[in-house]
Amino acid sequence: MRKIAAVFSCAGLNFRKWRVTPRLYVVAAVTLVQMLWCWIPLMQYSLSLGVPVTPWGFGFMYGHPTMLMTNSCLLLLLFCNAPFSDTHTPFVVIRTGRRNWMVGQLVYIAAASLLYVLYQFGLMLLILSPSLGFSWSWGSVLWQIAFSGYDPAYTGSLGPVKEVITQYSGLAYTLLSMLIMWLAGMLMGCLVLCFNLLSGRSLGVAIGGVFCFLSYFCQYVGILLFGGRIFWLTPMAWVYPPILQGGRYPTVQQAILVLTVLIVGLAGLSVWACCRKDLVLQKGEV
């Protein structure tokens, strides 16, 4: 029990830094801007039809390449200072032990990733609130956008996919999308943490930047040059689940499995590196 308390205490220390960390305010503000850009046209379209819109369009949010790359960059910014050390960290490590401290950093990454997904979902609900309605079905607004083709009255970037709507229920697909987004956030955090630890510098940030670039590249030139196979190399693009269609593309099950294996592998390597290597700790919060 004492070890568990130490782990959660280490994770909690990182959350207490949020109010004095400018990066977090940047992440929150940019996320708000992209949510407004994504959801206001849908809300206005719903009001023009006089029909409430359901919140089940969340899984189609990152269909636009700019939104996809921005999300990857925000996740990188959120975790860029892994292993989240400051001037007090050496004393915390001495009191809790290296292993407990590192597991605490991994718990923090998982919790912060989940909070970021919930923050986006909460902003969506807030923006759609003037026309929001709850139903177990997809709702006529999302259904019409998916099946009616081009409608000049709708100017938004969010485009529900009819194959998804006919295969899944709205609630199930939204929960599935949130799971994949959470795992993608954890992957970015563990990737940065692991390679920053192994290099003693900011190698993890550089590798995370490559993943951000690939998430944008695959939507344009990448898919033209390599077809659907390019998406096997871009797990940050999987936050848009409609691309997980099988064939040359990953399936939903394969994406979840690969994300989980990568997270577990990077987490285990991070704990090993923390216990076996000399720690290079930052002198202040980035």
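Quick caveat: nothing in here was measured; it's all calculated off a predicted structure. (Residues numbered from 1 in each chain as written. Predicted model: local features only at pLDDT ≥ 70, side-chain atom pairs only at ≥ 80, totals over all residues. Heavy atoms only, no water.)

1. Overview of the overall build of the protein chain
Looking only at helices and strands, the protein chain has 10 helices and 0 strands in total. If you list the helices and strands of the protein chain from N to C, you get α-α-α-α-α-α-α-α-α-α. Seen along its three principal axes, the alpha-carbon backbone of the protein chain occupies a region of about 60 × 40 × 30 Å. Counting over 286 residues, the protein chain shows a buried share of 49%. If you take every contact in the protein chain between residues at least 6 apart in sequence, the share linking residues at least 24 apart comes to 78%. When the accessible area of the protein chain is evaluated, it comes to approximately 13500 Å², of which 68% is carbon and sulfur surface. In the protein chain, the 16 positive side-chain charges and the 5 negative ones have mean positions that sit 14 Å from each other. (Helix = DSSP H or I, 4+ residues; strand = E, 2+ residues; numbered from the N terminus. Buried < 20%, exposed > 50% of the residue type's maximum accessible area, 1.4 Å probe, protein only. Contact = heavy atoms within 4.5 Å. Areas by Shrake-Rupley, 256 points an atom, 1.4 Å probe, with all protein chains shown as cover. Lys, Arg positive; Asp, Glu negative; His and termini not counted. Charge placed at Lys NZ, Arg CZ, Asp CG, Glu CD.)

2. Examining the packing of helix α2 (residues 22-49) against helix α3 (residues 65-79)
Two numbers describe how α2 lies on α3: the axes approach to 10 Å, and their chain directions differ by 165°. One element, α2, and the other, α3, form an angle in the roughly antiparallel class. Of the two elements, α2 crosses α3, and the hand of that crossing is left-handed. Along its contact with α2, which presents R23, L24, V26, V27, V30, T31, Q34, M35, W37 and C38, the element α3 presents M67, T70, N71, L74, L77 and L78. (Axes fitted to C-alpha atoms, helices over the stretch in contact; angles between N-to-C directions. Parallel < 35°, antiparallel > 145°, perpendicular 65-115°, else oblique. Left-handed = near helix turned anticlockwise from the far one by under 90°.)

3. Quick notes on the packing of aromatic side chains
The tally for this structure, following the rule as stated, stands at 14 aromatic pairs. Ring centres of Y168 and Y173 lie 5.0 Å apart, and the angle between their planes is 50°; on these two criteria the pair is classed as tilted. Of the aromatic side chains, those joined through ring pairs into one cluster are F15, W18, F79, F84 and Y108. (Phe/Tyr/Trp six-rings, centres within 6.5 Å; stacked < 30°, edge-to-face > 60°.)

4. So, helix α10 (residues 252-276)
The end-to-end C-alpha separation of α10 is 36 Å, in line with the 36 Å expected for 25 residues at 1.5 Å each. All of the buried residues along α10 are V252, A255, L259, I263, L266, A267, S270, V271, A273 and C274. Along its buried surface, α10 packs onto α5 (98-128) and α8 (170-199). (Expected span 1.5 Å × (residues − 1).)

5. Here we look at the layout of surface pockets
Its volume calculated, the largest pocket comes out at about 210 Å³. What lines the largest pocket is a set of 13 residues, and nearest its centre among them are Q167, Y168, L244, Q245 and V252. Contributions of two or more residues to the lining of the largest pocket are made by α7 (162-167) and α10. For the lining of the largest pocket, the per-class residue count stands at 8 nonpolar, 4 polar and 1 charged. (1 Å grid on protein atoms, 1.4 Å probe; cavity = no way out; pocket = protein on both sides within 12 Å on 5 of 7 lines; lining within 4 Å. Points joined across faces, edges and corners; volume = space filled by probe spheres on them. Nonpolar A, V, L, I, M, F, W, Y, C, P; charged D, E, K, R; others polar.)

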